[in-house]
Amino acid sequence: MSVLEKPPPEAEEHTGHHHHDPFWRRYIFSQDHKVIGLQYALTAMFFLLFGFFLMILMRWQLAWPGRPIPLIAGLLGEANAPGGIMLPEFYNQLGAMHGTIMVFLGVVPLLVGAFGNYVVPLQIGAPDMAFPKLNMASYWCYLPGGLVMFSSFFVPGGAANSGWTSYPPLSTIATQGQTWWLIGMVLLITSSLLGSVNFIVTIFQLRAKGLTFMKLPFFVHAQLVTSFLLLLAFPPLEAAGIFQLLDRVLNTSFFSPSGLVVAGEVVDKVGGGSPLLWQHLFWFLAHPEVYVLILPAMGIVAEVIANNTRKPLWGYKSMVYASIFLGFMSFIVWAHHMFLTGMGTTISSFFQTTTMIISVPSVVILSALLISLWGGSIRFNTPMLFALAFLPMFGIGGLTGLPLGLAPTDIHLHDTYYVIGHFHYVVAPGTIFAIFAGIYYWFPKITGRKLSEGLGKLHFWPSFIFINGIFGPMFIQGLAGVSRRLWDGGQQYAHAQPVLEWNVFMSMSAFGLLIAQLPFIVNLFWSIRKGQKVDSNPWQATTLEWAAAPSPPIGHGNFHEVPVVHHGPYEYSAPGAPNGYLPQTAPGKEG
């Protein structure tokens, strides 16, 4: 391990040249991991809100199909919503872009680009990321990728409308927006690759003296495994995206089969390609992508739970090993998304088996977090409420995924609302609740002020209720056989009639969830200037970002003195420790 023996030059001169840098170097093309983390955070939250609005439009359509959209119908344009009534083509655009934006532009950039960038170097005692310029380049691939996606709504034919999975041959003959989607994806994937290399090198090379791997906070372990997933899983999708782009603009046929018929005519420019090849390449990324969403979320929840139970994490080492095993297994489960493609029973059995196996490390981590609560003197503050809510929500998402990993049940549930309910329980009340826990927990680190507890609880409780009102009934509709991607919510199907009433309930819950975010937005902006001022370690935490760095941290360099680590990450309730906890830098017998 390479460690820092003396303060980096940047730390020594943090009060020097950094504050004399021009605005564009400090805040636009900054190489400071903290500024880049905040750039990611602000941009990703904008896209998250935008993707949420797309869902609100879809929920209006599903609850009241054929009825004009109130208030904003004029903004949608006659081509998309003549007379304010949403066209099916526009609904498809909203569905494809909602999925793409929430996953690739919202949640992943927040968890890795924002939290990872800001917190990891501080937690390992590093002055910055290993490659600051690469870090800056990562953000400047991400932002143009997002802008390309956003701009595609304004091109002729609108945005991509082939679903977030972009299955060919539909996607190869789709409107111009699909080309923009592909260009955007190539930029976003490039951004992730640059970032993941940087995280891996930083964690391996820039840890503070004494910070062995088993003294790393679990959040760092989660980010390390996530970086390997991004580095190894994204290149196949980037290659696939470029191939599909060539299919569209140069009439190659990587994914276009022979004998393709469009509008009653055989397409003679294509042939010989395999649509299944795209599915394999897409899901080889997309299943590890689920753990890219989940692992950093688990890392955040682990930090918040350990701090607010005032106890060490139960089974810390088992959690670390489970996260590594989870990352490894995530590469050999992808084809359970493809049981309907007609794969043989032997291959199906293999992927069913691996899918059942991968549930084991998830259960280990979730169980360890639950057991960590036992006997704790729990502080029920806002970050802890969101972290606690993550546990059952992720549990529901995980358990409902088991039937989808077995071919006999998946064949019936495939592409129904059951799948939507399962996936959203993992990434919405699951991962996004973890994101909120992280925002409330690390906000004082960034600003030196706390978010309002009153507004925080006003944010949490309605969000918890309404988000379950949206996704819970989806299991009922899915078990009844209602398919996803239905513009009218299933009105044309006889088998959907008994469960259609849930559409209005779910949509009203979605509107409630939108309103429930208002206290958070007010809290965020109000607390930046008016929030309660706090000292450097308001949560009485043990890890380096709180114990060794001021709040907010100094500029380049992060630490006035390079920290030396003597203790594990969660020495809470340590016997004889002043104030009941031992910071990692506290002198004394190593823990």
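Bear in mind that the values here come from a model prediction, so they are computed numbers and not experimental data.

Draft legend 1. Structural view of the overall build of the protein. When its secondary structure is counted, the protein shows 18 helices and four strands. At 24 Å, the protein has a C-alpha radius of gyration in line with the 25 Å of a compact globule built from 591 residues. If you line up the protein on its principal axes, its C-alpha atoms span 80 × 55 × 50 Å. Taken across its 591 residues, the protein has 59% of its residues classed as buried.

Draft legend 2. Local environment of the nonpolar core. Core analysis: the largest hydrophobic core is formed by 180 residues, its most contacted members being M97, F218, L237, L313 and L369. With residues up to four places along the chain from it excluded, the contact list for F218 reads M298, G299, A302, E303, L313, Y316, M319, V320, S323, I365 and Y570.

Draft legend 3. Highlighting the side chain of S192. Position of S192 among the secondary structure elements: in helix α7 (residues 177–205). Judged by relative accessible area, which is 15%, S192 ranks as buried.

Draft legend 4. Structural context of empty space enclosed by the protein. Applying the stated rule across the entire model yields two cavities of 30 Å³ or more. Each pocket or cavity is described by its volume, and for the largest cavity that value is around 190 Å³. Those elements giving two or more residues to the lining of the largest cavity turn out to be α5 (88–123), α6 (132–151), α7 and α8 (218–249). Looking at the lining of the largest cavity, its residues break down into 10 nonpolar, eight polar and one charged. Surrounding the second largest cavity, P383, Y440, K450, L451, E453 and W539 form its lining. Considered class by class, the residues forming the lining of the second largest cavity number four nonpolar, no polar and two charged.

Draft legend 5. Broad picture of the confidence of the model for the protein. Residue-level pLDDT values for the protein average 91, and 96% of them are 70 or greater. Residue range residues 1–17 is modelled with pLDDT below 50. Its contacts to residues more than four positions away, or to other chains, number 32 contacts.

Draft legend 6. Quick look at the packing of aromatic side chains. Using the criterion set out here, one finds 52 aromatic pairs in the structure. Here the aromatic rings of F50 and F153 are separated by 5.8 Å at their centres, their planes lie at 90 degrees, and the arrangement is edge-to-face. Of this pair, F50 sits in helix α3 (residues 33–63) while F153 sits in the loop between α6 and α7, and the two are 103 residues apart along the sequence. Of the residues examined, F153 reaches a relative accessible area of 16% and is grouped as buried. Ring pairs connect the aromatic residues W24, F29, Y40, F46, F47, F50, Y139, W140, Y142, F150, F153 and F154, which therefore count as one cluster. The side chain of R310 reaches across the aromatic face of Y581, ending 5.5 Å from its centre.

Draft legend 7. Here's a closer look at the layout of surface pockets. In this structure, the second largest pocket spans a volume of roughly 600 Å³. Every residue lining the second largest pocket is counted, 19 residues in all, and those nearest its centre are F53, L57, I72, L75 and L76. Elements with a minimum of two residues in the lining of the second largest pocket: α3, α4 (73–76) and α5. Ranked by residue count, the leading element in the lining of the second largest pocket is α3, at six residues. Split by residue class, the lining of the second largest pocket holds 18 nonpolar, one polar and no charged.

Draft legend 8. Structural detail: a nonpolar patch on the surface. Taken together, the side chains of L49, F53, I515, L518, I521, F525 and I528 present a nonpolar region at the surface, about 660 Å² in accessible area. When residues of the nonpolar patch are traced back to their parent elements, those giving at least two are α3 and α17 (518–530). Residue position: F53 is located in helix α3.

Draft legend 9. How the structure looks around the environment of A41. With respect to the element layout, A41 can be found in helix α3. For A41, a relative accessible area of 14% gives the class buried. The sequence separation of A41 and G106 amounts to 65 residues, and the corresponding C-alpha distance is 8.9 Å. When neighbours within four sequence positions are excluded, A41 is seen to be in contact with L110 and A114.

Draft legend 10. Examining the packing of helix α14 (residues 417–447) against helix α15 (residues 453–479) more closely. Here α14 crosses α15 at 165 degrees, and the two axes come no closer than 7 Å. Overall, the two elements α14 and α15 adopt an arrangement that is roughly antiparallel. α14 and α15 meet at a crossing whose hand is left-handed. Looking at the contact of α14 with α15 residue by residue, the class counts come to 16 nonpolar, 10 polar and no charged.

Draft legend 11. Spatial organisation of the packing of α3 against α5. Relative orientation of the contacting elements α3 and α5 amounts to 155 degrees, with a least axis distance of 7 Å. Relative to α5, the element α3 lies roughly antiparallel. The way α3 lies across α5 gives a crossing that is left-handed. In terms of residue class, the contact of α3 with α5 is made up of 28 nonpolar, nine polar and one charged.

Draft legend 12. Examining unusual backbone geometry more closely. The omega torsion across P168 and P169 is 10 degrees, close enough to zero to call that bond cis. Position of P169 among the secondary structure elements: in the loop between α6 and α7. Here the amide bond leading from S551 into P552 is cis, since omega sits at -5 degrees, within 30 degrees of zero. Mapped onto the elements of the fold, P552 is located in the segment after α18 (544–547).

Draft legend 13. Geometry of the pattern of salt bridges. On inspection of all chains with the given rule, the structure shows three salt bridges. Here K457 ties to E453 by a salt bridge, and the two come within 3.5 Å at their closest N and O atoms. Pair noted here: K457 and E453 are both in helix α15, with a separation of four residues, about one helical turn. Among the residues examined, K457 registers a relative accessible area of 32% and is labelled partly exposed. Its relative accessible area of 25% is what places E453 among the partly exposed residues.

Draft legend 14. Just the environment of N308, in detail. With respect to the element layout, N308 can be found in helix α9 (residues 275–309). Linking N308 and V35, residues 273 residues apart in sequence, is a C-alpha distance of 28 Å. Not counting residues within four places of it along the chain, the set of residues in contact with N308 comprises S377, I378, R379, N381 and M384.

Draft legend 15. Broad picture of the environment of E453. Spatially, the C-alpha atom of E453 lies 48 Å from that of A494, the residues being 41 residues apart in sequence. With near-sequence residues (within four places) excluded, E453 lies in contact with N381, T382 and P383.

How each quantity is defined
Residues numbered from 1 in each chain as written. Predicted model: local features only at pLDDT ≥ 70, side-chain atom pairs only at ≥ 80, totals over all residues. Heavy atoms only, no water. Helix = DSSP H or I, 4+ residues; strand = E, 2+ residues; numbered from the N terminus. Rg over C-alpha atoms; globule rule 2.2 N^0.38 Å. Buried < 20%, exposed > 50% of the residue type's maximum accessible area, 1.4 Å probe, protein only. Core = buried A, V, L, I, M, F, W, Y, C linked by side-chain atoms within 4.5 Å. Contact = heavy atoms within 4.5 Å. 1 Å grid on protein atoms, 1.4 Å probe; cavity = no way out; pocket = protein on both sides within 12 Å on 5 of 7 lines; lining within 4 Å. Points joined across faces, edges and corners; volume = space filled by probe spheres on them. Nonpolar A, V, L, I, M, F, W, Y, C, P; charged D, E, K, R; others polar. pLDDT = per-residue confidence, 0-100. Phe/Tyr/Trp six-rings, centres within 6.5 Å; stacked < 30°, edge-to-face > 60°. Lys NZ or Arg CZ within 6 Å of the ring centre and 35° of its normal. Patch = residues over 30% accessible without salt bridge, like charges linked within 9 Å, V, L, I, M, F, W, Y side chains within 5 Å. Areas by Shrake-Rupley, 256 points an atom, 1.4 Å probe, with all protein chains shown as cover. Salt bridge = Lys/Arg side-chain N within 4 Å of Asp/Glu carboxyl O. Axes fitted to C-alpha atoms, helices over the stretch in contact; angles between N-to-C directions. Parallel < 35°, antiparallel > 145°, perpendicular 65-115°, else oblique. Left-handed = near helix turned anticlockwise from the far one by under 90°.

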